[in-house]
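# Results of the structural survey
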Amino acid sequence: MITAGIDIGSITAKAAVLEDGRILGSKVAFTGYNARQAGKNVFEDLLRELDMDASSIEKTVSTGYGRNSVKFADKAMTEIICHGAGAYYLNPEVRSIIDVGGQDSKVLTIDSDGRVKDFAMNDKCAAGTGRFLEVMARALESDLDDFGDLSLKSDKPSKISSICTVFAESEVISLISKGKSREDIIAGIHESVASRISSMARRVGVKEPVMMTGGVAKNIGVVRALEKALGVSIEVSEFAQVNGAVGAAIMAMRL
Amino acid sequence: MTDVDKEKDSRKIKSVGKMKEIMTAYYIDAKTAEQTGKKVAWITSGGPVEPLIAMDVIPVYPENYGAMIGASKMGGDLCQKAEELGYSGDLCSYARADIVCSMIDGGPIGGLPKPDMLICCNNICGTVLKWYEIQARYYNVPLFIFDTPFCHTEYADESRRYVRKQIDEYTNFLENACKKKFDHDRIKEVGRLSVEGQELWQEVLDTAMNRPSPMTCFDAFFHLALIVTLRGTQIAVDYYQSLLEEMKQRVADGISAIPNERYRLLWDNLPIWYRVKWMSEKFAAHDACLVADTYTSAWCGQLKYMDGDNFLDSMAEAYTRIYLNIGVDEMIKIVLEVVDKYDVDGFVIHSNRSCKPYSLGQYDIQRAVQKEKGIPSVMIESHMIDERSFSESQSETRIDAFMEMIKQKG
Ligand code: SF4
């Protein structure tokens with residue numbers, strides 16, 4: 001059975017196609033202004049890459065903030081259930097999942113059957129999300145893709161508040177003017193993200209093994225900071241960013 | 001009428017019309033008090049109202065008015081005005097909105113009638129103290145503060161003596177304010193009616209134990225108004241009598257509150273007044289009926305301490321031991337009982353940034369419910385009447401995920 005999952009996040013749109021639970025391919029694109037169009041585009045691009053026709057897809061599930069705008073999907077499901085399903089598919093041993101996306105971060109626990117047992121999401125603030133990191137990258141005039149490696153070079157991370165994105169940005173600017181190194185500031189930013197997420201994770205109760213998903217999982221600095229804050233090791237799959245879409249395609253198999 | 005409309009119509013609770021009539025008459029009475037020579041007292045929602053009724057004083061509840069502000073979606077604007085005046089956005093949104101309504105002489109129904117006195121009972125929170133002090137200065141009227149010590153676990157003898165003494169001070173205050181003797185025979189009658197009204201309200205809520213339930217907590221939020229405002233009157237007793245009959249009839253006729261009740265949920269905290277309809281439709285679309293809540297039962301939860309024959313004495317204890325004035329461990333016990341009583345499948349927690357005493361301890365309560373009862377829960381963050389703080393897509397994702405969890409559980 002061939003299924004597809006479409007995950008429309010606030011920053012990126014992702015698509016994945018699975019055949020009998022095997023990943024055939026996946027794709028990431030910017031969401032932009034029009035979520036509906038973004039879902040359609042990323043899906044069509046992926047099909048083209050795979051040299052497949054839309055008619056060969058039997059079932060499609062959409063997820064993410066734009067889930068209801070994907071009109072061609074058979075069903076819309078929340079990213080919480082889909083991230084749980086995706087992580088369970090990648091490693092059925094996993095019990096906790098930390099997903100950090102563009103505008104939200106969430107922590108969920110799953111049972112041995114892959115069912116979500118509990119979850120928590122960030123409060124109404126971008127602190128502790130991908131957007132937070134984007135804002136910081138702009139303030140530092142750095143490329144977000146370099147953040148991970150740069151932060152690993154720091155031995156004295158700066159202290160940055162985790163309460164508010166806007167305040168944190170002005171803190172970063174003042175640290176720059178004080179001549180703190182870019183590496184230390186970035187490491188401090190990662191610690192701030194980690195502290196925000198770890199308190200949420202503790203509320204739900206972290207059970208190992210822990211997997212991190214979502215676009216921010218590509219940032220090794222955040223992963224390390226979270227490991228330190230939670231005292232656990234965290235695995236990251238090569239499909240971390242498209243995990244929601246993979247999970248959606250898994251859920252589509254059960255429709 | 002389309003089929004959908006007809007279907008909806010068949011589920012409507014008929015008593016709604018009667019309730020609206022009573023509330024309109026009540027507010028007309030209060031707003032014309034000056035002409036009719038009656039006195040008006042503003043009182044906090046958890047305050048001992050019976051002595052006022054016994055003295056023929058019309059009680060007016062800024063918090064009930066707050067709910068009205070929220071339901072008419074005026075909360076955001078009013079709260080913003082309060083912030084412009086210098087009140088912090090962290091302050092309870094009822095307090096912010098009410099203070100501004102006084103200052104601009106506006107709000108729903110053209111504002112509340114001016115008070116002749118203020119009765120503030122801090123069994124619900126500490127915010128009301130400052131809020132009522134501000135209003136006492138603004139209207140230049142006497143303020144009576146009824147101080148109820150917090151009951152972590154038990155009602156100590158010191159508390160008992162301390163609170164009981166204040167009841168005499170309260171009646172003295174009323175005698176001075178009304179310039180007439182306190183009627184000790186009348187209070188007995190009022191006390192009896194108060195207990196009777198609360199018993200009936202409890203019975204109404206208990207009809208939700210039926211499967212399917214004839215009412216949701218969203219209905220309870222509405223029908224609650226009389227037990228708050230007209231507690232201790234025959235009007236409230238008669239109304240709840242007829243509402244109870246209607247509920248029993250619905251059960252007998254198999255009329256459920258939502259079309260396909262498959263899941264039963266418990267709500268914690270105040271409603272999100274400007275989103276009641278949205279919420280009720282959202283949950284109904286998931287075949288989920290919110291059969292109980294911790295909020296509306298607060299006006300009948302202390303019945304065990306009340307004694308209709310010895311009302312004034314028992315009132316002291318009953319008003320001190322209300323849900324918001326007890327420790328989290330005690331709250332947990334109550335919530336666990338409710339979970340069993342109404343046989344619920346999930347727990348919806350409104351983390352209400354307005355009401356700190358209600359929202360503090362929710363994580364502990366959540367954990368206890370998960371541990372003891374093994375049911376899923378979800379937390380939604382908001383302010384009860386400040387709609388600027390509500391994020392629809394975030395709340396929607398939480399609710400949808402929560403319902404998916406319950407469905408997965410099977
Ligand atoms: S803080 Fe809570 S209890 Fe106090 S007035 Fe506001 S809503 Fe009522």
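The model shown is predicted, which means the values in this text are computed figures rather than measured ones.

The rules behind the values
Residues numbered from 1 in each chain as written. Chains lettered and ligands numbered in written order. Predicted model: local features only at pLDDT ≥ 70, side-chain atom pairs only at ≥ 80, totals over all residues. Heavy atoms only, no water. Helix = DSSP H or I, 4+ residues; strand = E, 2+ residues; numbered from the N terminus. Rg over C-alpha atoms; globule rule 2.2 N^0.38 Å. Buried < 20%, exposed > 50% of the residue type's maximum accessible area, 1.4 Å probe, protein only. Contact = heavy atoms within 4.5 Å. Pairing = 2+ DSSP bridges. Axes fitted to C-alpha atoms, helices over the stretch in contact; angles between N-to-C directions. Domains from an automatic or database assignment. Salt bridge = Lys/Arg side-chain N within 4 Å of Asp/Glu carboxyl O. Polar contact = N/O pair within 3.5 Å; in protein donor to acceptor, adjacent residues only side chain to side chain. Nonpolar A, V, L, I, M, F, W, Y, C, P; charged D, E, K, R; others polar. Near = heavy atom within 4 Å. Buried area = accessible area lost by both parts, 1.4 Å probe. Parallel < 35°, antiparallel > 145°, perpendicular 65-115°, else oblique. Left-handed = near helix turned anticlockwise from the far one by under 90°. Phe/Tyr/Trp six-rings, centres within 6.5 Å; stacked < 30°, edge-to-face > 60°. Lys NZ or Arg CZ within 6 Å of the ring centre and 35° of its normal.

### Digging into the overall build of chain A
Counting its secondary structure elements, chain A contains eight helices and ten strands. Relative to its length of 255 residues, chain A is compact, with a C-alpha radius of gyration of 18 Å against a globular reference of 18 Å. If you line up chain A on its principal axes, its C-alpha atoms span 60 × 35 × 30 Å. With 255 residues in all, chain A has 57% of them scored as buried. For chain A, restricting intrachain contacts to residue pairs at least 6 apart in sequence, the fraction spanning at least 24 positions comes to 66%.

### Considering the sheet that holds strand β10 (residues 234–236) of chain A
All names here are of chain A. Spatial ordering of the open sheet is given by β8-β7-β6-β9-β10, a layout of five strands whose pairing is mixed. The outermost strands of the open sheet, each flanked by one partner alone, are β8 (116–121) and β10. The mean inter-strand angle of the sheet, taken between neighbouring strand axes irrespective of direction, is 25 degrees. With three bridges joining them, strand β9 (residues 210–213) and β10 adopt parallel strand pairing. Within β10, the position partnered with V210 by the bridge is I234. The strands that helix α7 (residues 220–230) touches are β6 (96–100), β9 and β10; relative to β10, the one it contacts most, it runs at about 155 degrees.

### Side note on the domain arrangement of chain B
Residues and elements named next belong to chain B. Domain assignment breaks chain B into domain 1 (21–182) and domain 2 (187–409). The C-alpha-based centres of domain 1 and domain 2 are spaced at 23 Å. Contact with domain 1, which involves 51 residues of that partner, is made by 44 residues of domain 2. There are five salt bridges connecting domain 1 and domain 2. Where D313 meets R164, a salt bridge forms, and the shortest distance between an N and an O atom there is 2.2 Å. Inspection of the region where domain 1 meets domain 2 yields 19 residue pairs in polar contact (both at pLDDT 80 or more). Here the side of domain 1 that touches domain 2 takes six residues from helix α5 (residues 62–71), the largest share from any one element. A class-by-class count of the residues in the side of domain 1 that touches domain 2 yields 27 nonpolar, 16 polar and eight charged.

### A word on the site of the ligand
Residues and elements named next belong to chain B. Every residue near the ligand is listed here: E63, C92, Y94, I124, C125, T127, V128, W131, S354, C355 and M384. Broken down by element, the shell around the ligand gets its largest block of residues, three residues, from helix α8 (residues 127–139). Grouping the constituent residues of the shell around the ligand by class yields eight nonpolar, two polar and one charged. Split by domain, the shell around the ligand shows at least three residues from each of two domains, domain 1 (21–182) and domain 2 (187–409).

### A look at the interface of chain A and chain B
Contacts between the two partners involve 19 residues from chain A, matched on the other side by 22 residues from chain B. Approximately 1,800 Å² of surface area, both sides summed, lies buried where chain A meets chain B, with 49% of it carried by carbon and sulfur atoms. Remark: the boundary between chain A and chain B carries one salt bridge. Between D400 of chain B and R67 of chain A there is a salt bridge whose closest N-O contact spans 3.0 Å. Along the contact surface separating chain A from chain B lie eight residue pairs in polar contact (both at pLDDT 80 or more). Of all the secondary-structure elements, those providing two or more residues to the side of chain A that touches chain B are α2 (79–90) and β8 of chain A. Among the elements that take part in the side of chain A that touches chain B, β8 of chain A stands out by supplying five residues, more than any other. For the side of chain A that touches chain B, the per-class residue count stands at nine nonpolar, two polar and eight charged.

### Here's the deal with the domain arrangement of chain A
Residue and element names in this part refer to chain A. Along its sequence, chain A is organised into domain 1 (1–91 + 239–255) and domain 2 (93–236). Between domain 1 and domain 2, the residue contacts involve 15 residues of the former and 28 residues of the latter. For the pair domain 1 and domain 2, the two sides together bury roughly 1,700 Å², of which 66% comes from carbon and sulfur. It is I80, Y88 and N91 that lose the most area in domain 1 upon contact with domain 2, and together they represent 35% of the buried surface on that side. Inspection of the region where domain 1 meets domain 2 yields zero salt bridges. On the surface where domain 1 and domain 2 come into contact, there are ten residue pairs in polar contact (both at pLDDT 80 or more). Here the residues of the side of domain 1 that touches domain 2 are counted per class, giving eight nonpolar, six polar and one charged.

### A word on the packing of helix α14 (residues 276–285) of chain B against helix α19 (residues 392–409) of chain B
Residue and element names in this part refer to chain B. Interhelical geometry of α14 versus α19 gives an angle of 30 degrees and a closest axis separation of 11 Å. Classified by the angle between their axes, α14 and α19 sit roughly parallel to one another. Taken as a pair, α14 and α19 cross one another with a handedness that is right-handed. Side by side, α14 and α19 meet where W278, M279, K282 and F283 of the first sit next to E392, S395, E396, I399, D400, F402 and M403 of the second. Its residues assigned to classes, the contact of α14 with α19 shows six nonpolar, one polar and four charged.

### Some words on the pairing of strand β7 (residues 346–352) of chain B
Residue and element names in this part refer to chain B. The element β7 is largely enclosed, with a buried count of seven among its seven residues. With burial as the criterion, each face of β7 is covered, one bearing G346, V348, H350 and N352 and the other bearing F347, I349 and S351. When strand β5 (residues 263–268) meets β7, the two strands line up parallel, connected through four bridges. Residue pairing in the sheet places W267 in a bridge with V348 of β7. Note that β7 and strand β8 (residues 377–382) share six bridges and pair parallel. Bridging from a neighbouring strand, F347 pairs with S377 of β8.

### Thoughts on the packing of aromatic side chains
All names here are of chain B. Under the definition given, this model contains 20 aromatic pairs over all chains. On the numbers, 6.4 Å between centres and 50 degrees between planes, the contact of F144 with F146 is tilted. F146 shares its class with F144; the two are buried. Seen from their ring centres, F144 and Y170 are 5.1 Å apart, and the 10 degrees between their planes marks the pair as stacked. Placement of F144 in strand β4 (residues 143–146) and of Y170 in helix α9 (residues 157–178) is noted, with a sequence separation of 26 residues between them. An aromatic cluster is present here, built from F218, F221, W267, W273, Y295 and W299 joined pairwise through their rings. We note R275 situated over the ring of W278; from NZ or CZ to the ring centre the distance is 5.3 Å.

### Focus on α5 of chain B
All names here are of chain B. The element α5 is largely enclosed, with a buried count of eight among its ten residues. Taken together, the buried positions of α5 are occupied by P62, E63, N64, Y65, G66, A67, I69 and G70. Immediately beyond the C-terminal end of α5, within one or two residues, lies K73, with a positive phi of roughly 55 degrees.

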